[in-house]
Amino acid sequence: MKGKNEQRAGLLYGVGAYGMWGIVPLFWPLLKPSGAIEILAHRMVWSLAVVGVALLVVRRWAWIGELARDRRKLGLISVAAATITVNWGLYIWAVNNGQVVEASLGYFINPLVTIAMGVLLLGERLRPVQWIAVATGLAAVLVLAIGYGRPPWISLVLAFSFATYGLLKKKVDMGGLESLAAETAVLFLPALGFLLWLTATGASTFTYGGAGHGALLAATGIVTAVPLICFGAAAVRVPLSTLGLLQYLAPVFQFGLGILYFHEEMPPERWAGFALVWLALSLLTWDALRNARRNRVLAAKLLAAAAAAPAPAAAVETAAHAPTTPAPAASETAASEAVPETATQQKLT
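Residues numbered from 1 in each chain as written. Predicted model: local features only at pLDDT ≥ 70, side-chain atom pairs only at ≥ 80, totals over all residues. Heavy atoms only, no water.

Colleague: I'm lost on the overall build of the protein in this one. Help?
Modeller: When helices and strands are counted, the protein shows 16 helices and zero strands. Expressed as a percentage of its 349 residues, the buried residues of the protein come to 41%. A fraction of 86% describes how many contacts in the protein between residues 6 or more apart in sequence connect residues 24 or more apart. By element, 69% of the accessible surface of the protein is carried by carbon and sulfur atoms, the whole surface being about 18,300 Å². (Helix = DSSP H or I, 4+ residues; strand = E, 2+ residues; numbered from the N terminus. Buried < 20%, exposed > 50% of the residue type's maximum accessible area, 1.4 Å probe, protein only. Contact = heavy atoms within 4.5 Å. Areas by Shrake-Rupley, 256 points an atom, 1.4 Å probe, with all protein chains shown as cover.)

Colleague: Honestly, the nonpolar core in this entry has me stumped. Any pointers?
Modeller: Soluble globular proteins: nonpolar side chains tend toward being buried together. Core analysis: the biggest nonpolar cluster contains 28 residues, and Val51, Leu55 and Trp63 have the highest contact counts within it. Looking at which element gives the most residues to this core, the answer is helix α8 (residues 176-200), with eight residues. Residues in contact with tryptophan 63, not counting those within four places in the same chain, are Leu55, Met174, Glu178, Ala181 and Ala182. Within the second largest apolar cluster, 25 residues are counted, among which are Leu105, Met117, Phe255 and Leu281. (Core = buried A, V, L, I, M, F, W, Y, C linked by side-chain atoms within 4.5 Å.)

Colleague: What's the story with the confidence of the model for the protein in this structure? I'm lost.
Modeller: Within the protein, residue pLDDT values average 81, and 87% of them lie at 70 or more. Mean pLDDT across the secondary structure elements of the protein bottoms out at helix α15 (residues 330-338), with 33, and peaks at helix α12 (residues 249-261), with 93. In the predicted structure, residues 322-349 sits below a pLDDT of 50 and forms 38 contacts with residues beyond four places in sequence or in another chain. (pLDDT = per-residue confidence, 0-100.)

Colleague: What am I meant to see in the environment of threonine 201 here?
Modeller: In this fold, threonine 201 is placed in the loop between α8 and α9 (211-218). Judged by its relative accessible area of 46%, threonine 201 falls in the partly exposed class. There is a polar contact of 3.0 Å between the side chain of threonine 201 and the backbone oxygen of tryptophan 197. Polar side-chain contacts of threonine 201 include one of 3.1 Å to the backbone oxygen of leucine 198. (Polar contact = N/O pair within 3.5 Å; in protein donor to acceptor, adjacent residues only side chain to side chain.)

Colleague: Could you clarify how one ought to interpret the pattern of salt bridges in this entry?
Modeller: A side chain with one charge may pair with a side chain of the opposite charge, provided their charged atoms come close. A full pass over the atoms with the stated rule returns four salt bridges. We note a salt bridge from aspartate 287 to arginine 127, for which the minimum N-O separation is 2.8 Å. With aspartate 287 in helix α13 (residues 268-308) and arginine 127 in the loop between α5 (100-122) and α6 (128-148), this residue pair connects regions lying 160 residues apart in the sequence. Note on accessibility: aspartate 287 and arginine 127 belong to one class, buried. Two residues, aspartate 287 and arginine 290, come together in a salt bridge whose shortest N-O distance is 3.1 Å. With a gap of three residues between them, aspartate 287 and arginine 290 both fall in helix α13, about one helical turn apart. Given a relative accessible area of 33%, arginine 290 falls into the partly exposed group. Overlapping salt bridges, with partners in common, bring together Arg127, Asp287 and Arg290 in one network. (Salt bridge = Lys/Arg side-chain N within 4 Å of Asp/Glu carboxyl O.)

Colleague: Would you take a moment to explain the packing of aromatic side chains for this structure?
Modeller: One pair of aromatic rings is described through two measures. These are the centre distance and the angle between the planes. If you walk through the whole model with that rule in mind, you get 18 aromatic pairs. Measuring from ring centre to ring centre gives 5.9 Å for tyrosine 91 and tyrosine 107, while their planes differ by 70°; the resulting arrangement is edge-to-face. With tyrosine 91 in helix α4 (residues 71-96) and tyrosine 107 in helix α5, this residue pair connects regions lying 16 residues apart in the sequence. Taking the centre distance of 4.9 Å and the plane angle of 40° together, the rings of phenylalanine 255 and phenylalanine 274 count as tilted. Of the two residues, phenylalanine 255 is situated in helix α12 and phenylalanine 274 in helix α13; the sequence distance between them amounts to 19 residues. Residue phenylalanine 255 is classed as buried on the basis of its relative accessible area, which comes to 10%. (Phe/Tyr/Trp six-rings, centres within 6.5 Å; stacked < 30°, edge-to-face > 60°.)

Colleague: Just checking my understanding: could you explain a nonpolar patch on the surface for this structure?
Modeller: A cluster of nonpolar side chains, contributed by Ile23, Leu26, Val252, Phe253 and Tyr261, occupies part of the molecular surface with about 450 Å² of accessible area. The leading source of residues in the nonpolar patch is α12, at three residues. Examined against the element boundaries, phenylalanine 253 turns out to sit in helix α12. Relative accessible area serves as the criterion here: at 35%, phenylalanine 253 is assigned to the partly exposed category. (Patch = residues over 30% accessible without salt bridge, like charges linked within 9 Å, V, L, I, M, F, W, Y side chains within 5 Å.)

Colleague: In this structure, what is going on with the packing of α4 against α5? I would like to understand it.
Modeller: Helix-helix packing is described using two parameters, namely the angle between the two axes and the distance between the axes. Contact pair α4 / α5: the axes reach a minimum separation of 8 Å and the direction vectors enclose 145°. Two packed elements cross with a definite hand, and for α4 against α5 that hand is left-handed. Every residue of α5 that contacts α4 at Asn87, Tyr91, Ala94 and Val95 is listed here: Val100, Ala103 and Tyr107. Among the residues forming the contact of α4 with α5, the class breakdown is six nonpolar, one polar and no charged. (Axes fitted to C-alpha atoms, helices over the stretch in contact; angles between N-to-C directions. Left-handed = near helix turned anticlockwise from the far one by under 90°. Nonpolar A, V, L, I, M, F, W, Y, C, P; charged D, E, K, R; others polar.)

Colleague: What exactly am I supposed to notice about α12 here?
Modeller: Since the α-helix packs 3.6 residues into each turn, any two residues three or four apart lie on the same face. Counted at 1.5 Å a residue, the expected span for α12 with its 13 residues is 18 Å, and the 17 Å between its end C-alpha atoms agrees. Buried within α12 are the following residues: Ala250, Pro251, Gln254, Phe255, Leu257 and Gly258. Looking straight down α12, one finds that the buried residues subtend no more than 160° of arc, so they occupy a single side. Exposed positions of α12 whose direction lies more than 90 degrees from the buried face are Leu260 and Tyr261. One or two steps after α12, the chain reaches histidine 263, where phi turns positive at roughly 55°. (Expected span 1.5 Å × (residues − 1). Arc of directions from axis to C-beta.)

Here it is, written out as structure tokens:
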């Protein structure tokens with residue numbers, strides 16, 4: 001019962017995290033007349049404050065000393081911080097300039113970009129269906145480029161920056177809360193310096209936009225941290241394959257908002273391009289579920305074979321004179337080795 005309750009709670013946390021990321025386009029326009037860079041700077045500063053409070057609550061500080069002594073990790077964290085800065089800044093600009101649909105496309109094609117990076121940078125092998133999905137995604141980008149009259153550069157930059165960020169996070173191998181704290185700490189001084197410069201030149205909207213506007217800018221820290229905390233709670237309670245499926249909620253919500261709430265145009269060429277992207281994602285999802293099922297069946301067969309295998313004569317004689325104790329779970333080891341998870345599958349989730 002406890003396991004089912006944990007999984008149910010994890011599912012709710014996951015839906016909450018991706019749901020909040022999906023409706024965040026409703027928040028950024030509330031921050032006008034602040035520009036995208038000012039909003040981004042406030043997001044960095046206030047995120048560190050919120051994450052700092054969260055770390056105080058959970059009392060997790062040991063990682064700071066370990067990170068300070070690891071120059072490689074510090075370098076990766078710094079590059080990750082720069083990469084997510086590009087992603088956050090462009091996304092805020094896109095939403096506040098009527099490009100919600102194109103921004104949502106970036107997160108639709110992100111899994112395809114992640115797979116392509118796995119092949120090009122990590123030398124990973126793809127299954128035939130994955131190759132078809134990637135080729136379909138490339139065809140979608142070409143169709144959309146024709147439809148837009150230009151490459152969908154907002155989508156491509158968002159997808160590649162987030163995929164790069166995911167790759168760096170994988171190499172850093174830190175918890176979500178800790179890594180966000182480290183990244184925002186790297187960005188804190190430049191962001192605070194920029195905000196102080198805006199205030200000194202009279203260009204800041206934080207103090208001159210009224211108390212309500214200032215509160216909304218401060219709330220960027222909550223908007224950043226709360227979904228991430230929910231995601232972390234989901235990640236430890238539900239399988240990665242479930243999170244991989246839930247990740248599509250965010251761009252679906254964003255796409256729906258772009259069409260239904262912001263009333264952005266969708267000519268036939270864009271519908272065709274999005275349809276190809278959705279086809280590619282459907283192929284990826286089907287292939288991932290099929291592969292997961294195949295691995296479970298293989299694991300079950302290995303467990304059954306290990307359980308049915310006769311014990312060696314020496315082991316039987318030893319067991320006859322030994323105290324009755326539980327035998328080592330060799331079958332569990334065999335099962336775990338029979339269900340390898342490729343780096344591409346890990347990154348997809």
